[in-house]
Amino acid sequence: MDFDRYLSQVAVPEVFPSGQKAIKSSSVVVVGVGGTGSTMAEMMVRMGVGRITIVDDDIVESSNLNRQAMYRESDIGLKKVDVAKSELLKINSDVEVEALDERLTIYNAEDIISYGKLTLDGTDNYSARGAINESSFRLKKPWVFTAVEGTFGYAKAIIPGKTSCLSCFGYPQKGEGVSCTIQGVIPSAVRAVSSLAITLAMKILLGKEESGDLIYLDVWKPMLETLPIPRNDDCTVCGRKGAD
Ligand SMILES: [Zn+2]
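The rules we used
Per chain, residue numbering runs from 1 following the sequence as it is written. Under the rules for a predicted model, residues below a pLDDT of 70 receive no local features and side-chain atom pairs below 80 are neither given nor counted, while totals for whole chains, interfaces and linings still include all residues. For side-chain calculations, the full set of non-hydrogen atoms in the structure is used, while hydrogens and water are omitted. Salt bridges, as used here, are contacts in which a Lys or Arg side-chain nitrogen is within 4 Å of a carboxyl oxygen on Asp or Glu. Secondary structure elements are taken from DSSP: a helix is a run of H or I of four residues or more, a strand is a run of E of two residues or more, and numbering for both begins at the N terminus. For every residue, the accessible area (1.4 Å probe, protein chains only) is compared with the maximum for its type, and the residue is labelled buried under 20%, exposed over 50%, or partly exposed between those bounds. Whenever two N or O atoms come within 3.5 Å, that pair is a polar contact, provided that in protein one can donate a hydrogen and the other can accept it, and provided that, for residues adjacent in sequence, both atoms are side-chain atoms. It only takes one pair of heavy atoms within 4.5 Å for two residues to be counted as in contact. For Na, K and Ca the donor cut-off is 3.2 Å; for every other metal, N, O and S atoms count as donors within 2.8 Å. Water does not enter the count, which can leave sites looking incomplete. Every angle between 85 and 135 degrees makes a four-donor site tetrahedral, while opposite donors more than 155 degrees apart, with all other angles between 65 and 115, make a four-donor site square planar and a six-donor site octahedral; other sites are irregular. The criterion for an aromatic pair is that two Phe, Tyr or Trp rings (for Trp, the six-membered ring) have centres within 6.5 Å, with stacked assigned to planes under 30 degrees apart, edge-to-face to planes over 60 apart and tilted to the rest. Over a ring means this: the NZ of a Lys or the CZ of an Arg is within 6 Å of the ring centre and within 35 degrees of the ring normal.

### Some remarks on the pattern of salt bridges
- Considering all chains together, one arrives at eight salt bridges under this definition.
- In this structure, Glu 42 engages Arg 46 in a salt bridge whose closest nitrogen and oxygen atoms are separated by 2.6 Å. One end of the pair is Glu 42 and the other is Arg 46, both in helix 3 (residues 35-47) and four residues apart, which spans about a single turn.
- Overall, Glu 42 belongs to the partly exposed group, its relative accessible area being 22%.
- Note that Asp 101 is salt-bridged to Lys 79, the shortest N-O span being 3.2 Å. With Asp 101 in the loop between strand 3 (96-100) and helix 5 (109-113) and Lys 79 in the loop between strand 2 (51-55) and helix 4 (80-91), the pair connects residues that are 22 residues apart, well separated along the chain.
- Note on Lys 79: relative accessible area 27%, which makes it partly exposed.

Quick look at the structure:
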């Protein structure tokens, strides 16, 4: 491994060289490569993750360009995963990049999540997050939830058997959600939430303790809060009064 490349991150006591080996030997799945997803994918690749699988069936549109830094004007009309794969390989050719031109649903979620050790949520709808939540619990794989709206957003680590899951606090299990173009979202909120999520991902990959608190961030006020979300015994996905 080319350690020089990662000197600045392994100089951080929380990471150190042994942590870089853990990152290098990891595989992650990024579901959705829009604003948060493409930012998270870029950071994982720059940090030297071993393998990344990106999943999206959208094409690049001009309304994406204000916040989706992976894409340029010349990419309009092209498949996001194709452009993202090519860009990610240019950033770090040591990383194995797999592109899936698919939309994650309850039918393919387990297959997709099986590609990685950890899943990063770059989706924009409740149904996809619900499918990631259920499949990750069944496969006992951790994932990181993100959502951004307007000037604020959320991130949360979900580690089956350790932390609460998305359904524990009544998060809707189904629904399309409202697109960013309609509800509005500012680029700086997208980047800030992506950074929080990637930090949670690093902690999971490095085997550090992670509480699974819901992190709320508003870049406008500005404000950051962590809200403890206890496991819910009655949760329909991970509740202990059932399967577990
Ligand atoms: Zn739960």
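### Looking at the side chain of Asn 92
- In this structure, Asn 92 sits in the loop between helix 4 and strand 3.
- Only 2.9 Å separates the side chain of Asn 92 from the side chain of Tyr 6, close enough to count as a polar contact.
- Each residue touching Asn 92, except ones within four places of it in the same chain, is listed here: Arg 5, Tyr 6, Val 45, Arg 46 and Gly 48.

### Side note on the environment of Tyr 6
- With respect to the element layout, Tyr 6 can be found in the segment before helix 1 (7-10).
- Given the relative accessible area of 2%, Tyr 6 is considered buried.
- Through-space distance from the C-alpha of Tyr 6 to that of Arg 240 is 41 Å; in sequence the pair is 234 residues apart.

### Notes on the coordination of the zinc ion
- Donor atoms from the polypeptide that bind the zinc ion are Cys 165 (SG), Cys 168 (SG), Cys 235 (SG) and Cys 238 (SG), placed at 2.3 Å.
- With four donor atoms in place around the zinc ion and angles of 92 to 122 degrees between them, the coordination shape is tetrahedral.
- Read from N- to C-terminus, the donor residues coordinating the zinc ion fall into the pattern C-x2-C-x66-C-x2-C. The exposure classification of Cys 235 matches that of Cys 238, with both residues buried.

### Quick word on the packing of aromatic side chains
- Scanning all chains against the criterion turns up seven aromatic pairs.
- With a centroid separation of 6.4 Å and 75 degrees between ring planes, the pair formed by Trp 143 and Phe 145 is classed as edge-to-face.
- Of the residues examined, Trp 143 reaches a relative accessible area of 0% and is grouped as buried.
- With a relative accessible area of 1%, Phe 145 lands in the buried category.
- Among the aromatic side chains, those forming a connected cluster through ring pairs are Tyr 126, Trp 143, Phe 145, Phe 169 and Tyr 171.
- Directly above the aromatic system of Phe 137 lies the positively charged group of Lys 140, at a separation of 3.9 Å from the ring centroid.

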